[in-house]
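Each chain is listed here by its residues.
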Amino acid sequence: MRLNTAVSVLILRIVLGVTFMVHGIMKFTMGLDAVAGMFAGMGLPGFLGYAVSVIELVGGAAMILGLGTRVVAFLFACVMVGAIVTVKWSVGFVGNEEVAGYEFDLALLAISVSLLLTGGGRWALDRFFDKEEHFS
C-alpha cells in the first residue's frame, strides 16, 4: 500500500471510529433503557437500541485501533442503512427544522463501505492477524 493511500485509510478509520465511539458514549450516558425506548418509539424493536449502542462504542474503539476493520465497517454500514431507511429518508437529504437529513449518515456509510473494501491499512492491528497483509 502506497504511503498516501495508507495515510488516507488511517484518517478515514480514525475519523469513523471516533465518530461512532462518541455516539456510543452518548447512548450509554443517556442510558441504554432510554435508547431502547427511543428505538421502540420509532417503531423499531427496542433491543436494536442496545445492539446499536454496543456496535457504536465497541466498534468505534476497534475501528480506531484497526481491529476487525472489515467486520466493524460492515456493522457500521448496516447501522447507517438502517438509520437512513427507517428515520432519515422521509425527511430528505438535508432534513427539516426538527430532524437532520441523511447527508451525514450517507457520508458515514460511504466511509464504512470504503473501509470494508480496503481493510484497515498499514497501521491497523488487523495486519498482525492476516499473514498476507502483514508482509505486503
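Quantities reported herein were computed from a predicted structural model and do not represent experimental measurements.

With that out of the way, let us pick up helix 4 (residues 69–88). Looking at helix 4, one finds that the buried residues are Thr69, Val72, Ala73, Phe76, Ala77, Val79, Met80, Ala83, Ile84 and Lys88. Down the axis of helix 4, the smallest arc covering the buried residues is 165°, so these residues share one side. Opposite its buried face, helix 4 presents the exposed residues Val71 and Val85, each directed more than 90 degrees away. Tucked into the core, helix 4 has its buried residues touching helix 1 (3–30), helix 3 (47–65) and helix 5 (103–118).

If you look at the biggest cluster of nonpolar residues, it comprises 22 residues, and the most contacted ones within it are Leu16, Phe20, Met63, Phe76, Met80 and Leu115. Put simply, the parts of the chain that give this core at least two residues each are helix 1, helix 2 (32–41), helix 3, helix 4 and helix 5. Per element, the largest residue contribution to this core is eight residues, and it comes from helix 4. Residues within four places of methionine 63 in sequence aside, it is in contact with Arg13, Leu16, Gly17, Thr69, Val72, Ala73, Phe76 and Leu115.

Turning our eyes to something else, we now look at the pattern of salt bridges. Throughout the structure, instances matching the rule amount to two salt bridges. Here glutamate 56 makes a salt bridge to lysine 27, at a shortest N to O gap of 2.9 Å. Here glutamate 56 is found in helix 3, whereas its partner lysine 27 is found in helix 1, with 29 residues between them in sequence. Here glutamate 56 and lysine 27 have matching classes, each one buried. When the shortest N-O distance is used, the salt bridge between lysine 88 and aspartate 105 registers 3.1 Å. One end of the pair, lysine 88, is in helix 4; the other, aspartate 105, is in helix 5, with 17 residues separating them in the sequence.

Reading the values: rules and limits
- Residues numbered from 1 in each chain as written.
- Predicted model: local features only at pLDDT ≥ 70, side-chain atom pairs only at ≥ 80, totals over all residues.
- Heavy atoms only, no water.
- Buried < 20%, exposed > 50% of the residue type's maximum accessible area, 1.4 Å probe, protein only.
- Helix = DSSP H or I, 4+ residues; strand = E, 2+ residues; numbered from the N terminus.
- Arc of directions from axis to C-beta.
- Contact = heavy atoms within 4.5 Å.
- Core = buried A, V, L, I, M, F, W, Y, C linked by side-chain atoms within 4.5 Å.
- Salt bridge = Lys/Arg side-chain N within 4 Å of Asp/Glu carboxyl O.

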